[in-house]
Amino acid sequence: MKKYKIAIVGASGFTGSELARLLARHPQVEITAITSETHTGKLFSDLHPQFFGILDMSLVSAESVSNSEVDIIFLALPHKISMEYAAKWKNLSAKIIDLSGDFRLSSPEVYKDWYLKEHTFPEGFKNAVYGLPELFADRIAKASLVANPGCYPTASILALAPLFAEGVVESDSVIIDAKSGLTGAGIKASEATHFSNVNENFKAYGIGVHRHTIEIEEQLSALGHFNSTIQFTPHLLPVDRGILVTAYATLKNPVKQNQLDEIYQKFYRGKTFVRLRNSPPGIKDVRGSHYCDIFPTWDERTQRVIIISAIDNLLKGAASQAVHNMNLMLGMEESIGLNQIPLRP
Ligand SMILES: NC(=O)C1=CN([C@@H]2O[C@H](COP(=O)(O)OP(=O)(O)OC[C@H]3O[C@@H](n4cnc5c(N)ncnc54)[C@H](OP(=O)(O)O)[C@@H]3O)[C@@H](O)[C@H]2O)C=CC1
Ligand SMILES: CC(=O)N[C@@H](CCC(=O)OP(=O)(O)O)C(=O)O
């Protein structure tokens, strides 16, 4: 069986190491390069001891990927850095899956408004496909550059997409209250992620300005064919991993619970990794897995829908979604390598 060659760029970080965990056991790929600029020459398993005896490859500089023959390059790099590599490698035959936010938005102008930086590879937007397989599997399969969605956007868009696609949402009525575990902030410690500032604490951040607001607005608006502003507020949870979204919306017309259920069942029929739940999901129900669990409810008293969704930010919110995209881009069965059962408890 042909094994595709894979490079993971940024393998010293959280999502890079999760990619390695999935790809090391993927039956149709072989990891040929894993990179770090800070730890070049060390073993991958020195940095991530869970791989001791399993993946003891040496970390190499990203520079060496330029000359190697690979089929897929995963960029597990911070935004603003990713675009530099996408530009540098634009003529390689390898397809690129970028886990950062550098190519998720509709244009370099919108990017500048929300990321407060001039985009240095604006041509990349022409080829980039938004990598949410439940919505865009056909386009992803033909793409050479996939913009893997953000973690909050994955949970938020999947929670609300059926309502937008059905055209039943009252414009500008959506409020998204989202909470993320600490690995969402990456491996580098900061004041915000310092143990003493998060332990037994819980707070909102990025109110009204978080860059995921526009990512969610653009994708949902496109589905519903209108421009809708969305109120999005993220919170930092004192846990390692997991995202919980609670979304509220007013509909154009009241519905019954069974009508709401039908909208969701129709939209997600055949989508292996969305589980429609009959009780509110918790982050532990999806931990270590590629599932997005969704619980849609109709509140008869307030005449609003309330949708709860849960994902593992490092997996469905990043690495396993990237592997799902890779499977599609290489024409393989979409769930290969992704059949983990959640880790609870
Ligand atoms: N964490 C999460 O839950 C999610 C993350 N993402 C996105 O995925 C990307 C990776 O996230 P995450 O793994 O958390 O980030 P980390 O901070 O954990 O890792 C980032 C990696 O980038 C490398 N890096 C940093 N600067 C450079 C540079 N100038 N050149 C080359 N490599 C560099 C670092 O390696 P070294 O210093 O060793 O070179 C490190 O391995 C980010 O864009 C993030 O926003 C998306 C969804 C969810
Ligand atoms: C908890 C936490 O800090 N989360 C990150 C978002 C996670 C993420 O990876 O988003 P991008 O890929 O779009 O950068 C944040 O709010 O900035």
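If you're wondering where the values come from, they're calculated on a predicted model, not measured in any experiment.

Taken together, the neighbourhood of ligand 1 is formed by 27 residues, with S12, S36, E37, T38 and L77 sitting nearest. Between ligand 1 and S12 there is a distance of 2.6 Å, counted from an oxygen atom to a side-chain nitrogen or oxygen. Contact between ligand 1 and L99: an oxygen atom at 3.4 Å from a main-chain N or O atom of the residue. A breakdown of the residues in the shell around ligand 1 according to their chemical character gives eleven nonpolar, 14 polar and two charged. When we break the shell around ligand 1 down by domain, the ones giving at least three residues each are domain 1 (4-148 + 318-329) and domain 2 (152-311).

Attention now goes to the nonpolar core. Counting 80 residues, the largest nonpolar core has L19, L23, F74, L160, L163, I176 and M326 as the members making the most contacts within it. Residue assignment places this core across two domains, with domain 1 (4-148 + 318-329) and domain 2 (152-311) each supplying three or more. Excluding residues within four positions of it along the chain, M326 makes contact with I6, L23, H26, V29, I72, F74, I97 and M332. Among the nonpolar cores identified, the runner-up in size contains 26 residues, and A7, L77, A94 and I96 belong to it.

Turning next to helix α7 (residues 151-166). Helix length check: α7 (16 residues) gives 24 Å between terminal C-alpha atoms against 22 Å at 1.5 Å per residue, within 8%. Residue L160 marks the point of greatest curvature in α7, where the axis turns by about 45°; the proline P162 follows within four residues. Most of α7 is tucked away: 14 of the 16 residues are buried. Just downstream of α7, G167 is the residue with a positive phi angle, here 75°.

What follows is about the domain arrangement of the protein chain. Under the domain assignment used here, the protein chain contains domain 1 (4-148 + 318-329) and domain 2 (152-311). Relative placement of domain 1 and domain 2: their C-alpha centres are 25 Å apart. Each side of the interface is counted separately: domain 1 has 20 residues, and domain 2 has 27 residues. Carbon and sulfur atoms supply 63% of the area that domain 1 and domain 2 bury against each other, a total of about 2000 Å² over both sides. Our count for the contact surface shared by domain 1 and domain 2 stands at two salt bridges. As a salt-bridge pair, E215 and R104 come within 3.0 Å of each other at their nearest N and O atoms. Along the contact surface separating domain 1 from domain 2 lie seven residue pairs in polar contact (both at pLDDT 80 or more). When contributions to the side of domain 1 that touches domain 2 are tallied by element, the ones reaching two or more residues are α1 (14-23), α4 (108-115), α6 (133-142) and α11 (319-329).

Calculation rules
Residues numbered from 1 in each chain as written. Chains lettered and ligands numbered in written order. Predicted model: local features only at pLDDT ≥ 70, side-chain atom pairs only at ≥ 80, totals over all residues. Heavy atoms only, no water. Near = heavy atom within 4 Å. Polar contact = N/O pair within 3.5 Å; in protein donor to acceptor, adjacent residues only side chain to side chain. Nonpolar A, V, L, I, M, F, W, Y, C, P; charged D, E, K, R; others polar. Domains from an automatic or database assignment. Core = buried A, V, L, I, M, F, W, Y, C linked by side-chain atoms within 4.5 Å. Buried < 20%, exposed > 50% of the residue type's maximum accessible area, 1.4 Å probe, protein only. Contact = heavy atoms within 4.5 Å. Helix = DSSP H or I, 4+ residues; strand = E, 2+ residues; numbered from the N terminus. Expected span 1.5 Å × (residues − 1). Bend = angle between axes of the 7 residues up to and from the residue. Buried area = accessible area lost by both parts, 1.4 Å probe. Salt bridge = Lys/Arg side-chain N within 4 Å of Asp/Glu carboxyl O.

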